[in-house]
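Coordinate analysis (summary)
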Amino acid sequence: MGEPINDSGVEPSGLGAATSCPACAGRLRAVSDGETTNFLCRQCGRCWHVELSHVSRVDPMTCPGCPFLQTCRTRYANDPEWRPGAR
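Below you will find a few notes about this structure. Worth saying up front: this structure is predicted, and the values here are computed from it rather than measured. Throughout, residues of each chain are indexed from 1 in the direction in which the sequence is written. Owing to the predicted nature of the model, reporting of local features is limited to residues with pLDDT of at least 70; listing and counting of side-chain atom pairs is limited to 80 or more, with chain, interface and lining totals taken over all residues. In computing side-chain properties, one takes all heavy atoms of the structure into account and sets aside hydrogens as well as water.

**A closer look at the overall build of the chain**
- Broken down by element type, the chain carries one helix and four strands.
- Put simply, DSSP H or I for four residues or longer makes a helix, DSSP E for two residues or longer makes a strand, and each gets a number counted from the N terminus. Secondary structure elements in the chain, listed N-terminal to C-terminal, are β-β-β-β-α.
- The 87 residues of the chain split such that 32% are buried.
- In what follows, a contact means two residues having at least one pair of non-hydrogen atoms within 4.5 Å. Here the analysis covers contacts within the chain between residues at least 6 apart in sequence; of these, 27% occur between residues at least 24 apart.
- When the accessible area of the chain is evaluated, it comes to approximately 6100 Å², of which 50% is carbon and sulfur surface. Throughout, exposure labels follow a simple rule: accessible area from a 1.4 Å probe, protein chains only, divided by the maximum for the residue type, with under 20% read as buried, over 50% as exposed, and the rest as partly exposed. In this description, accessible areas are obtained by the Shrake-Rupley approach with a 1.4 Å probe, and a residue is regarded as covered only by the protein chains that are shown.

See below:
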């Protein structure tokens, strides 16, 4: 049997979480709003949520208690691919 194929562009950490940003390959840092743990890319400012081997972009409006909320809101506001109707 061969090695599993990972075509997501995200390198697994072996701990069940991604270690690099799916958008820019920057290093991810775990952040928490006190209830949920997400992963912030300090290189591009995008935030990600990992659940059941699926990585999805986090809407910063859902993380009011996160200490990096302003970073995410700034990135969100300046990202034309992220704004509704921009695609």
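**Remarks on the nonpolar core**
- Residues belong to a common nonpolar core when they are buried Ala, Val, Leu, Ile, Met, Phe, Trp, Tyr or Cys residues joined through side-chain atoms within 4.5 Å. Counting eight residues, the largest nonpolar core consists of Val 31, Leu 40, Cys 47, Val 58, Cys 63, Cys 66, Phe 68 and Cys 72.
- Sequence-distant contacts of Cys 66, defined by excluding residues within four places in its chain, comprise Val 31, Ser 32 and Asp 33.
- Listed in part, the seven residues of the second largest apolar core include Leu 28, Cys 41, Trp 48 and Val 50.

**Structural notes on the sheet that holds strand 2 (residues 37-41)**
- Spatial strand order, 1-2-3-4: four strands in an open sheet with antiparallel pairing. The open sheet terminates on both sides in strands that have one partner only, identified here as strand 1 (28-32) and strand 4 (54-57). Pairwise comparison of adjacent strand axes, ignoring direction, gives a mean angle of 35 degrees for this sheet.
- Strand pairing is assigned whenever DSSP detects at least two bridges linking the two strands. Alignment of strand 2 against strand 3 (residues 47-51), held across two bridges, turns out to be antiparallel. In the sheet register, Phe 39 faces strand 3, and the bridge partner there is Trp 48. Simply put, an axis is a line fit to the C-alpha atoms, just over the touching stretch for a helix, and the angle between two N-to-C directions goes from 0 to 180 degrees.

**Quick look at the pairing of strand 1**
- Pairing analysis gives five bridges linking strand 1 to strand 2, with the strands arranged antiparallel. By the bridge assignment, Ala 30 is partnered in strand 2 with Phe 39.
- The antiparallel hairpin formed by strand 1 and strand 2 contains four residues in its connecting segment, where Gly 34 sits at a positive phi of about 100 degrees.

**With respect to the state of the cysteines**
- Note on terminology: disulfide denotes any pair of cysteine sulfur atoms within 2.5 Å. Scanning the model with the defined rule gives zero disulfides in all.
- There is no disulfide at Cys 44, and the cysteine sulfur nearest it, in Cys 41, is 3.7 Å away.
- Given the relative accessible area of 16%, Cys 44 is considered buried.
- Free cysteine: Cys 72, not disulfide-bonded; nearest cysteine sulfur from Cys 47 at 4.3 Å.

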